[in-house]
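Here is what each chain is made of, one letter per residue.
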Amino acid sequence: MEVDLVYLWVNGNDPKWQAKRNAVIGNVETKSAVNCKGRYADNDELKYSLRSVELYAPWIRNIYIVTDDQVPEWLDTSHPKIHIVDHKDIMPPQSLPCFNSSLLEHFLHRIPGLAEHFIYSNDDMYINKPVTPLSFFASDGLPLVRFSRRPFRKLGLWFRKHIQRKPLSNYNIIIQNAARLVEKKYGVYYGGKAHHNMDAYRKSDCRHVDEIFSNELNAMLENHVRSNNDVQRSIYSYTALAEKRAHLVYVTQKTSFRVHIHNKDHYAKLEKYNPMLFCMNDSQFAQDADRLRSKQYLEKRFPVKSKFEK
């Protein structure tokens with residue numbers, strides 16, 4: 001099967017882009033999970049992710065990089081596999097400018113020319129071992145949905161909110177929104193949590209979700225920054241599972257590992273587990289020293305310049 005790869009990328013260090021963001025949602029907030037420096041910082045993660053793709057997944061057909069009127073200065077846009085997609089090419093006017101990846105993710109399947117089978121990745125996600133299309137899609141063509149096992153997730157979230165009286169994070173709220181919509185329509189609640197790494201989708205499944213949950217997704221259109229009524233992209237996987245159009249796979253740290261770059265101990269764990277996929281997750285807890293350490297690690301792990309670089 002032909003498989004494409006889609007990235008989201010932003011250079012939060014760009015003064016022009018910063019001015020656009022500040023005019024809409026204000027400057028970054030140090031401890032905000034939805035509007036912190038780590039949400040937008042460019043640490044050359046995409047460069048190293050593309051190196052990992054060239055090394056371990058050379059069979060990828062096209063690579064689409066979705067940006068907001070930006071292009072990485074090191075990227076060779078003349079490479080036949082590379083395609084820059086601007087937000088305005090796939091999003092409606094009322095959604096622009098968009099600083100909400102939860103909203104933007106609902107438009108990726110509208111990329112012109114995108115293959116039916118595609119992999120979605122943030123720029124901080126990496127392939128660590130040789131993979132094939134069957135690492136992401138089963139032999140019947142259906143996507144492998146990778147979740148972290150959370151058998152009591154629904155109860156746990158209820159207990160936190162109603163008994164402990166602790167607020168849920170925006171991330172947990174929007175995943176719960178997706179799970180509840182699917183539960184209401186299909187009578188099954190999926191407590192599995194996305195593994196925060198490269199995920200497989202079919203374009204036709206995304207279009208199907210667009211149709212059956214159009215009212216709920218349209219309510220997000222003017223959410224220029226992450227909001228609690230957003231519906232997380234897990235709705236595509238939950239729906240596909242409910243309709244038997246996907247295969248559920250629970251991950252372990254040996255298949256998918258997320259490094260919180262502010263946690264030095266995670267680097268040793270990454271070496272220990274040596275997973276198929278890993279993520280170098282920036283956040284409101286990270287400092288510039290953590291970002292430097294992350295970049296040095298990636299340069300050591302993927303030292304060879306890819307054909308996608310100038």
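That block above? That's the structure.
Residues numbered from 1 in each chain as written. Predicted model: local features only at pLDDT ≥ 70, side-chain atom pairs only at ≥ 80, totals over all residues. Heavy atoms only, no water.

> Could you clarify how one ought to interpret the sheet that holds strand β1 (residues 3–8) in this entry?
The strands making up a sheet are joined through hydrogen bonds of the backbone, oriented either antiparallel or parallel. Read from one edge to the other, the open sheet built from 5 strands follows the order β3-β2-β1-β4-β8, with strand pairing classed as mixed. Two strands in the sheet have a free side with no partner beyond their single neighbour: β3 (82–86) and β8 (199–202). On average, adjacent strands in this sheet sit at an angle of 30 degrees to one another, irrespective of strand direction. Pairing of β1 with strand β4 (residues 117–122), which is carried by 6 bridges, proceeds in the parallel orientation. (Pairing = 2+ DSSP bridges. Helix = DSSP H or I, 4+ residues; strand = E, 2+ residues; numbered from the N terminus. Axes fitted to C-alpha atoms, helices over the stretch in contact; angles between N-to-C directions.)

> Would you take a moment to explain the pattern of salt bridges for this structure?
Pairs may arise between side chains of opposite charge once their charged atoms sit close together. Taken as a whole, this structure holds 19 salt bridges when the rule is applied. We note a salt bridge from R233 to D199, for which the minimum N-O separation is 2.8 Å. A residue pair is termed long-range when its members are at least 10 positions apart, and R233 in the loop between α9 (214–218) and α10 (234–242) and D199 in strand β8 qualify at 34 residues. Given the relative accessible area of 8%, D199 is considered buried. R202 serves as the salt-bridge partner of D205, at 3.0 Å between the closest nitrogen and oxygen. The class for D205 is buried, based on a relative accessible area of 7%. For R202, a relative accessible area of 16% translates into the label buried. It is possible to trace a salt-bridge network through shared partners that takes in R202, D205, E243 and R245. (Salt bridge = Lys/Arg side-chain N within 4 Å of Asp/Glu carboxyl O. Buried < 20%, exposed > 50% of the residue type's maximum accessible area, 1.4 Å probe, protein only.)

> Please explain the sheet that holds strand β10 (residues 256–260) as it appears in this structure.
Taking strand neighbours across the sheet as the criterion, the 3 strands line up as β5-β11-β10 in an open arrangement whose pairing is mixed. With partners counted over all chains shown, the strands left at the sheet margins are β5 (125–127) and β10, one partner each. For this sheet, the mean inter-axis angle between neighbouring strands, taken without regard to orientation, is 20 degrees. Note that β10 and strand β11 (residues 277–281) share 5 bridges and pair parallel. Bridge assignment links S256 to a residue of β11, and that residue is L277. On the sheet, helix α11 (residues 265–273) packs against β10 and β11 and is oriented at approximately 165 degrees with respect to β10. Those strands touched by helix α12 (residues 288–301) are β5 and β11, and its axis lies near 155 degrees from that of β11. (Contact = heavy atoms within 4.5 Å.)

> Before we go on, may I ask you to explain a nonpolar patch on the surface in this structure?
Together, L155, W158, F159 and I163 make up an exposed nonpolar region whose accessible area comes to about 420 Å². Within the element layout of this structure, I163 appears in helix α6 (residues 153–163). (Patch = residues over 30% accessible without salt bridge, like charges linked within 9 Å, V, L, I, M, F, W, Y side chains within 5 Å. Areas by Shrake-Rupley, 256 points an atom, 1.4 Å probe, with all protein chains shown as cover.)

> Teacher, can you tell me more about a positive patch on the surface here?
On the surface, K129, K254, K269 and K272 cluster together to form a positively charged patch. Mapping K254 onto the fold places it in the loop between β9 (247–250) and β10. What makes K254 exposed here is its relative accessible area of 58%. (Lys, Arg positive; Asp, Glu negative; His and termini not counted. Charge placed at Lys NZ, Arg CZ, Asp CG, Glu CD.)

> Which parts of the structure should I look at to understand the nonpolar core?
In globular proteins that are soluble, nonpolar side chains generally tend to be buried together. Counting residues in hydrophobic clusters, the biggest one holds 39 residues, and the most contacted among them are V6, V66, I90, I111, I235 and Y238. Put simply, the parts of the chain that give this core at least two residues each are β1, β2 (63–67), α5 (101–104), β4, β6 (144–148), α7 (170–186), α8 (203–212) and α10. Looking at which element gives the most residues to this core, the answer is α10, with 6 residues. Sequence-distant contacts of V66, defined by excluding residues within four places in its chain, comprise V6, Y7, L8, W9, V85, H87, I90, L104, L108 and I111. (Core = buried A, V, L, I, M, F, W, Y, C linked by side-chain atoms within 4.5 Å.)

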